[in-house]
Amino acid sequence: MKSSIKTVFFAFITLSTLNAFSQNSNKVLFNKIDSYLKASETNGFSGVVLVSKKGEVVLSKGYGWADRNNKIPNTPATVFNIGSVTKQFTASAILKLVEQGKIKTSDKISSYFNQTPSDKSDITVHQLLTHTSGISNRTGGFRYHEASKEQFLNEFFESTLHSKPGTTYQYANANYIMLTAILELVSGQTYNAFLQENLFEPAQMKSTGYKSINFNTERLAHGYYYNRDDEKWTDWGTTQQHLPYNNNHWYSIGKGDIHATIEDLYKWHVALKNNVVLASKTREIQETAYVAENDNMTSYYGYGWAISKSDRGTKIVAHNGSNGLYFADFVRFIDDDVVVIYITNAFLGPESENVAREIGKMIFDTNYKAPPISRNIYELILEFMRTNPSANADKLPIYLNKELKDEFNDPAILNRLGYSRLKKEDQPDWALALFKLNVKLFPEDGNLWDSLGEAYLTYNQKEDAIKSYSKAVEFGSEGSKETLQELLKEDE
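These remarks concern the structure in this document. (Residues numbered from 1 in each chain as written. Predicted model: local features only at pLDDT ≥ 70, side-chain atom pairs only at ≥ 80, totals over all residues. Heavy atoms only, no water.)

**Concerning the overall build of the chain**
Part 1: Along the backbone of the chain there are 17 helices and 14 strands.
Part 2: Viewed in the frame of its principal axes, the chain has a C-alpha envelope of about 105 × 65 × 45 Å.
Part 3: Per-residue burial for the chain yields a buried fraction of 52% across its 492 residues.
Part 4: For the chain, the proportion of contacts with a sequence separation of at least 24, taken over those separated by at least 6, is 64%.
Part 5: Entry remark: accessible area of the chain is about 23100 Å², with carbon and sulfur atoms responsible for 49%.
Part 6: Each charge class in the chain was averaged separately, 53 positive and 59 negative side chains, and the resulting centres sit 9 Å apart. (Helix = DSSP H or I, 4+ residues; strand = E, 2+ residues; numbered from the N terminus. Buried < 20%, exposed > 50% of the residue type's maximum accessible area, 1.4 Å probe, protein only. Contact = heavy atoms within 4.5 Å. Areas by Shrake-Rupley, 256 points an atom, 1.4 Å probe, with all protein chains shown as cover. Lys, Arg positive; Asp, Glu negative; His and termini not counted. Charge placed at Lys NZ, Arg CZ, Asp CG, Glu CD.)

Printed below as a string of structure tokens:
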């Protein structure tokens, strides 16, 4: 009896010690991640992050503004556009139909659409799910332009294939729009209604949907971008304001533009893990690595998920997405039982795409400290221009390297800003200085020499323009030949 009491007491002490260690470890991790995001917030970061470890939410927090004008902050309950993270829901809906015996992934699309032409008749549901249908990534129009289902289907069937079906991976949104058309045809329901009934409601996701919303619109995060022409951050509004008000949304549906909160996305992860919405065997099928996404074969595409390995050899199931303003990343470290969900509504630059991965590094390497996200590069350059004369242009790369903590190496940035300034400056100033700096930094880029030539012509500096266009032709800018010949002819 006494021995039994001692055993229970020892087990209690051990469990209490482990719990205390876990809580302390999670607190340290919370502070580390929070410090990184707060420092990034100072530089303009705006978004939400949720981190879960071993089934316990370590961090769920918002940073920056959901609505700057009305001073509404981002919180875990803020609703964001999740971009192509949407694709996992479309894929799951198709797999739900498979479970219901209404469809097979081996089915050919010609069995659903009589108008399917011969070059596309053998495309299968599996190929649509894995982006191996051969459809070009150019098929379909701009996501927020109106297009009926019939219009999209006609464009899909009349398009020129990028490759023979089943032979090549090419990520193309049209694949998932076509899956949505099949989903609606087979189920007899709209996309949103089917997802609500079969996915979102079972997972208790109450703030997720495509177009229908049943919550206060103030919870919707506005998208922001830095307008280099106006030289300020601009409010794009919300996705709901840009999607077609009617059902002619067939450039957007199924492949992107679902909106959700990080809390709901975590509920989705839990529902998948516990086989609430899909059977265990179905989930395994969905998370199978079917086709390599790159030549290095470091990432593979499953059904609406990308499958890869960590540096430790553990399985990662993830997907990101963006409409150019919002960026979302949903990363599940399956073998480690760790989840990182991240969404931003103000894209600062390439670093904005790496937040979830940086957090992952901090989770698995206690010595790793992520540097804060840098400010938007256009904002940085324009700030330098406001505080320096154009004669100091050569100092700009040094300033950028310091602020970005990396070597500045994108010739398109200065070129775009140069053209923005060219519209505003009647006399040679920063526009010309930016073009001149760009060819100095990237002297073998013919397109940049062409831009410099155009700037010289704008300011009637014909001799320098001829030299610049000559350089442009020398470095392969075919479009510069005609302009150069015209300038030389004038001098004859």
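**Focus: helix H6 (residues 191-200)**
Part 1: Counted residue by residue, H6 has eight buried out of 10 residues, so it is predominantly covered.
Part 2: Restricting attention to buried positions, one finds in H6 the residues Tyr-191, Asn-192, Phe-194, Leu-195, Gln-196, Asn-198, Leu-199 and Phe-200.
Part 3: Those residues of H6 hidden inside the fold are in contact with helix H2 (87-99), helix H5 (173-187) and helix H8 (262-273).

**Some thoughts on the pairing of strand S11 (residues 306-309)**
Part 1: Taken together, the three bridges between strand S10 (residues 299-301) and S11 define a ladder with antiparallel strand orientation. Residue pairing for S11: Ser-299 is matched across the bridge by Ser-308.
Part 2: Counting the residues that bridge the hairpin from S10 to S11 gives four residues, and of these Gly-304 lies at a positive phi of roughly 80°.
Part 3: By the bridge criterion, four bridges tie S11 to strand S12 (residues 315-322) in an arrangement that is antiparallel. Across the sheet, Ile-307 pairs through a bridge with Val-317, a residue of S12.
Part 4: Hairpin geometry of S11 and S12 is characterised by an intervening segment of five residues between the two adjacent antiparallel strands and by a positive phi of about 85° at Gly-313. (Pairing = 2+ DSSP bridges.)

**Looking at the sheet that holds strand S2 (residues 56-63)**
Part 1: Reading across from one edge, S2-S1-S14-S13-S12-S11-S10-S9 is the order of the eight strands in this open sheet, with antiparallel pairing throughout. This sheet does not close on itself; its edge strands, each paired only once, are S2 and strand S9 (291-292).

**Concerning the packing of H2 against H6**
Part 1: Relative to each other, H2 and H6 sit at 75°, their axes nearing to 10 Å. On the basis of their axis angle, the class for H2 and H6 is roughly perpendicular. Where H2 approaches H6, its residues Phe-89, Thr-90, Ser-92, Ala-93, Lys-96 and Leu-97 are matched on the opposing element by Tyr-191, Phe-194, Leu-195, Asn-198, Leu-199 and Phe-200.
Part 2: Class assignment of the residues belonging to the contact of H2 with H6 gives a composition of eight nonpolar, three polar and one charged. (Axes fitted to C-alpha atoms, helices over the stretch in contact; angles between N-to-C directions. Parallel < 35°, antiparallel > 145°, perpendicular 65-115°, else oblique. Nonpolar A, V, L, I, M, F, W, Y, C, P; charged D, E, K, R; others polar.)

**Notes on H8**
Part 1: Between its terminal C-alpha atoms H8 stretches 16 Å, which fits the 16 Å expected from 12 residues at 1.5 Å a residue.
Part 2: Among the residues making up H8, those that are buried are Ile-262, Asp-264, Leu-265, Tyr-266, Trp-268, His-269, Ala-271 and Leu-272.
Part 3: The positive-phi residue at the C-terminal boundary of H8 is Asn-275, with phi of around 60°. (Expected span 1.5 Å × (residues − 1).)

**Notes on the nonpolar core**
Part 1: If you look at the biggest cluster of nonpolar residues, it comprises 71 residues, and the most contacted ones within it are Ile-82, Phe-89, Phe-156, Met-178, Ile-182, Leu-195 and Trp-268.
Part 2: Examining the composition of this core, we find that eight residues originate from one element, H5, more than from any other.
Part 3: Sequence-distant contacts of Ile-182, that is, excluding residues within four places in its chain, are made with Ile-103, Ile-109, Tyr-112, Phe-113, Val-125 and Leu-128.
Part 4: The next biggest cluster of nonpolar side chains, apart from the first, holds 68 residues, and it includes Val-51, Ile-359, Tyr-378 and Ala-433. (Core = buried A, V, L, I, M, F, W, Y, C linked by side-chain atoms within 4.5 Å.)

**Some words on the packing of aromatic side chains**
Part 1: Under the defined criterion, the tally for this structure stands at 22 aromatic pairs.
Part 2: Seen from their ring centres, Tyr-419 and Phe-435 are 5.1 Å apart, and the 70° between their planes marks the pair as edge-to-face. One end of the pair, Tyr-419, is in helix H13 (residues 411-422); the other, Phe-435, is in helix H14 (residues 430-441), and 16 residues separate them in sequence.
Part 3: Judged by relative accessible area, which is 26%, Tyr-419 ranks as partly exposed.
Part 4: The structure contains a cluster of three or more aromatic residues connected by ring pairs, namely Phe-45, Tyr-63, Phe-327, Tyr-342 and Phe-347. (Phe/Tyr/Trp six-rings, centres within 6.5 Å; stacked < 30°, edge-to-face > 60°.)

**Observations regarding the side chain of Gln-88**
Part 1: Along the polypeptide, Gln-88 turns up in helix H2.
Part 2: A residue is classified by how much of its surface remains accessible, and Gln-88, at 0% relative accessible area, is buried.
Part 3: Of note is the side chain of Gln-88, whose polar atom sits 2.9 Å from the side chain of Trp-268.
Part 4: Here Gln-88 is in contact with Trp-268, Gln-286, Gly-304, Trp-305, His-319 and Phe-330, once residues within four sequence places are set aside. (Polar contact = N/O pair within 3.5 Å; in protein donor to acceptor, adjacent residues only side chain to side chain.)

**Digging into the side chain of Ser-207**
Part 1: With respect to the helices and strands, the residue Ser-207 is situated in the loop between H6 and strand S6 (223-227).
Part 2: The exposure class of Ser-207 is buried, given its relative accessible area of 9%.
Part 3: One polar contact links Ser-207 to Arg-219, side chain to side chain, over a distance of 2.8 Å.
Part 4: Ser-207 has contacts with Val-79, Phe-215, Arg-219, His-259, Ala-260, Thr-261 and Asp-264, leaving out every residue within four places of it along the chain.

**Remarks on the packing of H13 against helix H15 (residues 446-458)**
Part 1: Between H13 and H15, whose axes approach to 11 Å, the crossing angle comes to 15°. Classified by the angle their axes make, H13 and H15 are roughly parallel. Relative to H15, the crossing made by H13 is left-handed. Residues Pro-411, Asn-415, Tyr-419 and Leu-422 of H13 form the contact with H15, whose participating residues are Asn-447, Leu-448, Ser-451, Glu-454, Ala-455 and Thr-458.
Part 2: Its residues assigned to classes, the contact of H13 with H15 shows five nonpolar, four polar and one charged. (Left-handed = near helix turned anticlockwise from the far one by under 90°.)

**Remarks on the pattern of salt bridges**
Part 1: Scanning the entire structure with this criterion turns up 23 salt bridges.
Part 2: A salt bridge links Lys-424 to Glu-231; its shortest N-O distance comes to 3.1 Å. On the criterion of sequence distance, the pair formed by Lys-424 in the loop between H13 and H14 and Glu-231 in the loop between S6 and strand S7 (232-237) is long-range, its members being 193 residues apart.
Part 3: Under the relative-accessibility criterion, Lys-424 is labelled partly exposed at 41%.
Part 4: Across the pair Arg-312 and Asp-336 runs a salt bridge whose closest N-O atoms are separated by 3.0 Å. You can see Arg-312 sitting in the loop between S11 and S12 and its partner Asp-336 sitting in the loop between strand S13 (327-333) and strand S14 (338-344), a full 24 residues away along the chain. (Salt bridge = Lys/Arg side-chain N within 4 Å of Asp/Glu carboxyl O.)

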